[in-house]
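Survey of secondary and tertiary structure
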Amino acid sequence: MAQEALSESEQLARGIVNTALDAFIQMDEHGSVTEWNSQAENIFGWTHAEAIGAKLSDLIIPYVHRDAHTAGLGRFLRSG
């Protein structure tokens with residue numbers, strides 16, 4: 001029963017993300033994209049298939065800001 005409730009909750013959350021009017025992007029602790037909705041595709045121009053597994057910084061962070069982004073991510077991971 002708990003597993004079924006979890007599955008339903010995940011489906012509900014996925015439905016919200018997939019129909020959101022805003023871009024939704026999720027990345028892991030290595031900066032790799034793990035979720036990319038259709039609005040992210042529209043806004044940033046990368047398809048879901050292209051984005052999943054790619055470094056977020058390579059997709060949407062301007063080159064001149066990538067070092068700062070990487071440093072900020074590192075600080076966040078160390079301190080929360």
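All values reported here derive from a predicted model rather than from experimental measurement.

So, about the overall build of the protein. For the protein, the helix and strand inventory stands at 5 helices and 2 strands. What you see in the protein, going N to C, is helices and strands ordered as α-β-β-α-α-α-α. Since a compact globule built from 80 residues should have a radius of gyration of about 12 Å, the 15 Å found for the protein marks it as more spread out than a globular shape. Looking at the 80 residues of the protein, the share that counts as buried comes to 21%. If you take every contact in the protein between residues at least 6 apart in sequence, the share linking residues at least 24 apart comes to 17%. Summed over its atoms, the accessible surface of the protein is roughly 5,900 Å², and 57% of this surface lies on carbon and sulfur atoms. Each charge sign in the protein was given a centre, from 5 positive and 11 negative side chains, and these centres are 13 Å apart.

Turning our attention to the packing of aromatic side chains. Tallied over the full model, the rule gives 1 aromatic pair. When the ring of W36 is compared with that of F44, the centres are 5.8 Å apart and the planes differ by 45°; the resulting orientation is tilted. A relative accessible area of 1% places W36 in the buried class. Judged by relative accessible area, which is 34%, F44 ranks as partly exposed.

This paragraph deals with the confidence of the model for the protein. Summary statistics for the protein give a mean pLDDT of 91 and a share of 100% for residues scoring 70 or more. Of all helices and strands in the protein, the one with the weakest mean pLDDT is helix α1 (residues 2-19) (79), whereas helix α3 (residues 48-51) scores best (97).

Turning our attention to the nonpolar core. With 7 residues, the main nonpolar core is built from V33, W36, A40, A51, A54, L56 and L59. Apart from residues lying up to four places away in sequence, V33 is in contact with I25, Q26, M27, A51, I52, G53, A54, L56 and L59.

Once that is clear, we can look at the side chain of S32. Mapped onto the fold, S32 is located in the loop between β1 (25-27) and β2 (33-36). With residues near it in sequence (within four places) discarded, S32 still touches Q26, M27, G53, A54 and K55.

Before going further, it helps to spend a moment on the pattern of salt bridges. Throughout the structure, instances matching the rule amount to 1 salt bridge. Of the charged contacts, one joins R66 and D58 as a salt bridge, the two residues approaching to 3.8 Å between their closest N and O atoms. Residue classification places R66 among the partly exposed positions, given a relative accessible area of 23%.

Reading guide: rules and limits
Numbering of residues starts from 1 in each chain and follows the order in which that chain's sequence is written. The predicted nature of this model means local features are confined to residues of pLDDT at least 70 and side-chain atom pairs, given and counted, to a pLDDT of 80 or more, with totals for whole chains, interfaces and linings taken over all residues. Only hydrogens and water are removed before side-chain values are computed, so all heavy atoms of the structure are retained for them. Here a helix means four or more residues in a row that DSSP labels H or I, a strand means two or more in a row labelled E, and each is numbered from the N terminus. In this treatment the radius of gyration is a C-alpha quantity, and the globule benchmark scales as 2.2 Å times the residue count to the 0.38 power. Burial classification: accessible surface area is computed with a 1.4 Å probe over protein chains only, and a residue below 20% of its type maximum counts as buried, one above 50% as exposed, and the rest as partly exposed. Between two residues, a contact is recorded if the distance between any of their heavy atoms is within 4.5 Å. Here, Shrake-Rupley sampling with a 1.4 Å probe gives the accessible areas, and only protein chains in the shown set may cover a residue. Working convention for charge: Lys and Arg count positive, Asp and Glu count negative, and His plus the chain ends are omitted. Throughout, a charge is located at the NZ atom of Lys, the CZ atom of Arg, the CG atom of Asp or the CD atom of Glu. In summary, the pairing rule links any two rings of Phe, Tyr or Trp, Trp by its six-membered ring, whose centres are within 6.5 Å, and it sorts them by plane angle into stacked for under 30 degrees, edge-to-face for over 60 and tilted for everything else. pLDDT expresses how confident the predictor is about each individual residue, on a scale running from 0 to 100. What we call a nonpolar core is a set of buried Ala, Val, Leu, Ile, Met, Phe, Trp, Tyr and Cys residues that are connected through their side-chain atoms within 4.5 Å. Note on definitions: salt bridges are taken to be side-chain nitrogens of Lys or Arg within 4 Å of carboxyl oxygens of Asp or Glu.

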